[in-house]
Amino acid sequence: MKKATLLVACFVCLQLFAQNDVTLDYYLPQNVTYDPSIPKPKDVIGHEVGEWHVTHDKLVYYMQTLANASDRMTIKTRGKTFEGRPILLVTVTAPKNHQKLEQIRRDHVALTEAGSNGFDTASMPVVVYQGFSIHGNESSGSNASLAYAYYLAAAQGQEIENMLDNMVILLDPSFNPDGLQRFAYWANVHRSQNLNPDANEREYHEIWPGGRTNHYWFDMNRDWLPVQLPESRARIETFHKWMPNILTDHHEMGTNSTFFFQPGEPSRVHPLTPKMNQELTAEIGKYHAKALDNIGSLYYSEENFDDYYYGKGSTFPDVNGGIGILFEQGSSRGHIQESENGLLTFPFTIRNQFTTAVSTIEAAKNMRVKILDYQRKYFSDIKNEAVRDKTKGYVFGDAKDRARTWHLAEILNRHKIKFHELANDATINGKSYKKGASYVVPMNQKNPRLIKAMFEKRTTFTDSLFYDVSAWTFPLSFNMDYSALTSLSNAGPEVADFKTLSGEVSGKSNYAYLFEWHGYYTPKALNQIVQKGIRAKVAKSPFTLEGKQYDYGTIMIPVQNQKLDQDELHKFLQKVAATCQIDLTAVSTGLTKGIDLGSNDFDPVKKQKVAILVGDGVRSYDAGEIWHLFDTRYDMKITKIDTRYFNSVDLSEYTDLILPSGWGSGILNKSGAEKVKQWVKNGGTLIGYRNVANWFNKYEFLKLEMKKDTLVAKDIPFDQKGDFLGAQVTGGAIFEAKLDRSHPVGYGYKNNRISMFRNTNIYLKPDKDSYNNPIQYTNDPLQSGYISEENEALIKNSVPFKVKRMGKGRVILFTDNTNFRAFWYGTNKLLMNAIFFGQMM
């Protein structure tokens, strides 16, 4: 027994020693010669691939060095991250192709256009986009890109030369530069000389928020369709510029997993994805299987992961005539970890990523003509579908909010979808659309399926399990009026020059200025006004003045008794109007039809100082969405207070405290709860999200009556337990609620219906008094997405919003995420209403 133990210990020591001694040869095919003039990664970054986690600056430096050394490569910076890091694209092909690269690109894109039958695909290069580590702490991908880029630059022989003659590789070595840098720092500062595989080692337990996300804590692998982030916008621009045939997305998963490659679950493919797409994905998968077999690595496919939400990198190509492929490698989450499959080393994870990167281009080389023909047929087929489809297009708009309308059009513009001005004011399907504040999107254009994926509502599915959201209907996420069109008679000229919006002040007043609260950027404007020390008031009732109607929530800035004189105030408000894209009206009298401007039905708006709880126990996604909203959309300061030191913070200087959704109900302990409660009683506004409802209940901030299901599993075998429970998950769907626009939470909305995004199963009973239910789900609320029958019964007539007076302050609860993934523009204002008007509720 002692001998056996000694042998095991020696084997582990040898493995640990080997990890300090891995060279580039560990990754590279050995039957290939390499150009000695091409620098190896160690020559440039100072360590072997996998010895340390590469930082983004070193990764950039190596890619730049390679591009300078190899005539197969060019490098381009396509933009910068929020933290100022370059977003790189390395283009790899044969030297002769670089001389005519633009012509190759044009011809390739022409394959997706009308008249493509004249092209001979047998003589055309295939285009492969390979991207790594969109989640920064899934870093084996970006580290593999070092070895992979070296291989592409240095490998010699007829095989690699023939491959590059017939292929253009778009290499994106780091999808998430900021997250990669954050995680590399963490892993490297905890690396021991004697690598420690103990799972309890601090190296494998990142501190909050971790390196997965970008600067504002977004999961960027959900942003391919909404394109709200700079990294996404850079790669989507590249995607549409090149229309790649294959796009690969290298990820990591749990340490005890092996390696996954697509296809995923056959029943979880979006209906708009052609069957041939999945067949080609499976054929490519055989190359991955063979390559992994050759190095003895375990793997699986057609399990766990799906191909449904088009906002993911591995699914987005599927609705664009390409083939998206997800790779998931069991993660060492550092340098070495114990796992169910033995010691999992960082170099081992890198080698699997490298191996499948190579097998991808091997498949692309051998299947080149078939894949190019598929792309051409995809666009030919969908063009014919558009001609036959009864829906000829969509119209959308909001006469009261040009900015929100513009931002939806902006998404279309980034995806190269054509749209037209509305020819004239029109009423369509009972909804009014105004020229200048509405757009028409014809279906008869290059990719009608992409348009359909953005605009359709879908409530029936072949499977009840979803890896991500089941709905993302963009007009609903923007709370935008929209209608399907059976003709394009209302379409005006195509918008060829898509310009940003502007705002203006109608004139100079010696009495007051007014602006309605409907515009998306009105909170930004109001914040600038009150931060300047200018008095402003909000109207609690509608009124008409000088022939113009003003709605609930209209903001009034009186001219007299301000810190700025009449001329200075006018000049300042002109700047506010321009930067916030809103129109202000100068008025000469306070006498109105309705409430006069001196009425007590105008409440003063105070300067706000907002804090948000972050840190352990808080969902970083939810907190990041709010931080991003304040910081980048509304230019509002927000103080991030960490749970670690919350109890020592003096809250008295803050007007508002936001509690994002957390893990469980324990974001703050009892002493923290008492501290917050006293602050609220002294006049603070407390705003909680999602499962903070449980914390509110536990510490008696609110008395919530929750609707619970009584579902019991009957005749469900053990091996179907996961599916049974998974079917009750509301992973992300859209629901219609009634909105009381006279309530301050409803200010700025022109319709009495609102679309809410929901990914929780928290269902609150309504108050007995209707005026306490300003937002209430309808009796038939499901608009798009999946919800189980049991939960659908619970959500009917429930309420996603509660507010309660506590002392001088307010406690406000939203059970739904009003700021989801930065593209849920339509409900952002609910939070802003709670901030500015919470004390009126």
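Conventions adopted
Residues numbered from 1 in each chain as written. Predicted model: local features only at pLDDT ≥ 70, side-chain atom pairs only at ≥ 80, totals over all residues. Heavy atoms only, no water. Helix = DSSP H or I, 4+ residues; strand = E, 2+ residues; numbered from the N terminus. Rg over C-alpha atoms; globule rule 2.2 N^0.38 Å. Contact = heavy atoms within 4.5 Å. Areas by Shrake-Rupley, 256 points an atom, 1.4 Å probe, with all protein chains shown as cover. Lys, Arg positive; Asp, Glu negative; His and termini not counted. Charge placed at Lys NZ, Arg CZ, Asp CG, Glu CD. Buried < 20%, exposed > 50% of the residue type's maximum accessible area, 1.4 Å probe, protein only. Arc of directions from axis to C-beta. Pairing = 2+ DSSP bridges. Axes fitted to C-alpha atoms, helices over the stretch in contact; angles between N-to-C directions. pLDDT = per-residue confidence, 0-100. Salt bridge = Lys/Arg side-chain N within 4 Å of Asp/Glu carboxyl O. Phe/Tyr/Trp six-rings, centres within 6.5 Å; stacked < 30°, edge-to-face > 60°. Lys NZ or Arg CZ within 6 Å of the ring centre and 35° of its normal. Expected span 1.5 Å × (residues − 1). Bend = angle between axes of the 7 residues up to and from the residue. Polar contact = N/O pair within 3.5 Å; in protein donor to acceptor, adjacent residues only side chain to side chain. Core = buried A, V, L, I, M, F, W, Y, C linked by side-chain atoms within 4.5 Å. Patch = residues over 30% accessible without salt bridge, like charges linked within 9 Å, V, L, I, M, F, W, Y side chains within 5 Å.

*Asks:* Any chance you could break down the overall build of the chain for me, citing the residues and the numbers?
*Replies:* Looking only at helices and strands, the chain features 23 helices and 36 strands. Scaling as 2.2 N^0.38, a compact globule of 841 residues should have a C-alpha radius of gyration of about 28 Å, and the chain matches this with 29 Å. Contacts in the chain between residues far apart in sequence, at least 24 positions, make up 79% of those at least 6 positions apart. Accessible area for the chain stands at about 33000 Å²; split by element, carbon and sulfur atoms hold 47% of it. Looking at the chain, you have 98 positive and 93 negative side-chain charges, and the mean spots of the two groups are 5 Å apart.

*Asks:* Provide a residue-level description of helix α5 (residues 101-110), including the pertinent values.
*Replies:* Along α5, the residues that are buried comprise L101, I104, R105, H108 and V109. Take α5 and look down its axis: the buried residues cluster within an arc of 125 degrees, on one side only.

*Asks:* Tell me about the sheet that holds strand β24 (residues 555-558), and name the residues and values.
*Replies:* Across the sheet, six strands lie side by side as β19-β25-β20-β24-β21-β27; this open sheet has mixed pairing. Whereas interior strands pair on both sides, the edge strands pair on one side only; in this sheet they are β19 (504-505) and β27 (602-604). Judged from the three bridges that link them, strand β21 (residues 537-539) and β27 form a sheet pairing that is antiparallel. Paired with K537 across the strands is P604, a residue of β27.

*Asks:* Residue-level account of the sheet that holds strand β7 (residues 246-253), with values.
*Replies:* On the basis of which strands lie adjacent, the open sheet formed by seven strands has the order β2-β3-β6-β4-β7-β9-β8 and mixed pairing. At either end of the open sheet lies a strand with only one pairing partner, and these are β2 (73-80) and β8 (259-261). The sheet shows a mean angle of 20 degrees between the axes of neighbouring strands, taken without regard to direction.

*Asks:* Tell me about the confidence of the model for the chain, residues and numbers included.
*Replies:* The predicted coordinates of low-pLDDT regions are not to be read in fine detail. Per-residue confidence for the chain gives a mean pLDDT of 96; residues scoring 70 or more make up 97%. Segment residues 1-19: pLDDT under 50, and nine contacts once partners within four positions in sequence are set aside and those in other chains are kept.

*Asks:* Before we move on, could you go through the pattern of salt bridges and cite the residues and values that matter?
*Replies:* Note that side chains of opposite charge can pair when their charged atoms are close. Counting across every chain of the model gives 43 salt bridges. Linking D165 and K96 is a salt bridge whose minimum nitrogen-to-oxygen distance equals 3.9 Å. Of this pair, D165 sits in helix α7 (residues 158-165) while K96 sits in helix α4 (residues 95-98); the two residues are 69 residues apart in sequence, bridging distant segments of the chain. R376 is the salt-bridge partner of D373, the closest N and O atoms lying 3.3 Å from each other. One end of the pair, D373, and the other, R376, are both in helix α12 (residues 368-388), three residues apart, so they sit about a helical turn from each other. Salt bridges linked by common partners bring E138, R212, D219, R222, D468 and R821 together as one network.

*Asks:* Describe in detail the environment of Y185, supporting the description with residues and values.
*Replies:* Along the chain, Y185 turns up in helix α8 (residues 177-189). For Y185, a relative accessible area of 57% gives the class exposed. Placed 129 residues apart in sequence, Y185 and H56 show a C-alpha to C-alpha distance of 10.0 Å.

*Asks:* Any details on the pairing of strand β10 (residues 336-339)? Residues and values, ideally.
*Replies:* Summarising the sheet, β10 and strand β11 (residues 342-345) pair through four bridges and their orientation is antiparallel. Bridging across to β11, S339 finds its partner in G342. Connecting β10 to the antiparallel partner β11 that follows it, the hairpin turn spans two residues.

*Asks:* Please provide a residue-by-residue account of the packing of aromatic side chains, values included.
*Replies:* Enumeration according to the criterion identifies 61 aromatic pairs in this entry. Between F396 and Y439, the ring centres sit 5.8 Å apart and the planes meet at 50 degrees, which makes this aromatic pair tilted. Taken as a pair, F396 in strand β12 (residues 393-397) and Y439 in strand β16 (residues 438-442) lie far apart in primary sequence, 43 residues in all. When sorted by exposure, F396 lands in the same class as Y439, which is buried. One aromatic cluster is present, built from ring pairs that chain together Y394, F396, W406, F419, Y439, F455, Y482 and F498. The positively charged end of R191 is found above the aromatic ring belonging to W52, 4.4 Å away from the centroid. For K446, the ring lying beneath its charged end belongs to F379, and the centroid distance is 5.7 Å.

*Asks:* Account for helix α6 (residues 140-154), naming residues and giving values.
*Replies:* Taking 1.5 Å as the rise per residue, α6 with 15 residues should run 21 Å; its terminal C-alpha atoms sit 21 Å apart, in good agreement. Along α6, the largest kink reaches about 25 degrees and is centred on L146. Of all the 15 residues making up α6, 15 are buried; the element is thus mostly covered by neighbouring parts of the structure.

*Asks:* Can you tell me about the environment of D596, naming the residues and giving the values?
*Replies:* Considering the arrangement of structural elements, one finds D596 in the loop between β26 (593-594) and β27. For D596, a relative accessible area of 31% translates into the label partly exposed. As a C-alpha pair, D596 and T544 span 52 residues in sequence and 9.2 Å in three-dimensional space. Apart from residues no more than four positions distant in its own chain, D596 is found in contact with G590, L591 and F602. From its side chain, D596 meets the backbone nitrogen of T592 in a polar contact 2.9 Å long.

*Asks:* Outline the side chain of R222, supporting the account with residue identities and numerical values.
*Replies:* Following the sequence through the fold, R222 ends up in the loop between α8 and α9 (230-242). A relative accessible area of 8% means that R222 is categorised as buried. The contact partners of R222, leaving out residues within four places of it in the chain, are R212, Y309, G311, K312, Y467, D468 and R821.

*Asks:* Describe the side chain of N277, listing the residues and the values that go with them.
*Replies:* Within the element layout of this structure, N277 appears in helix α10 (residues 275-295). In contact with N277, other than residues within four places in its own chain, are D318, G322, I323 and Y374.

*Asks:* How would you explain unusual backbone geometry if you had to name every residue and give the values?
*Replies:* Note that the residue after W208, namely P209, is joined by a cis bond; omega there is 5 degrees. Turning to its location among the elements, P209 is positioned in the loop between α8 and α9. Following Q262, the chain continues to P263 via a peptide bond in cis, the omega torsion being 20 degrees. The backbone of N479 shows a phi angle near 50 degrees, a positive value even though the residue is not glycine. Along the chain, the position of N479 falls in the loop between α15 (474-477) and β17 (481-485). A relative accessible area of 12% places N479 in the buried class. Non-glycine residue N797 carries a positive phi angle of around 65 degrees. When you line up the elements, N797 lands in the loop between α22 (789-795) and β35 (801-806).

*Asks:* Before we move on, could you go through the nonpolar core and cite the residues and values that matter?
*Replies:* Of all hydrophobic cores here, the largest spans 232 residues; its most connected members are Y148 and I658. No other element matches the 10 residues that α6 contributes to this core. For Y148, the contacting residues outside a window of four places in its chain are Q130, F132, I169, L171, F354, A357, V358 and I361. A512, M556, V587 and I595 belong to the second largest nonpolar core, which has 11 residues in total.

*Asks:* Please give an account of a positive patch on the surface that cites residues and values.
*Replies:* Where like charges cluster on the molecular surface, the positive patch consists of K532, K563, K575 and K607. Structurally, K575 can be placed in helix α17 (residues 566-580).

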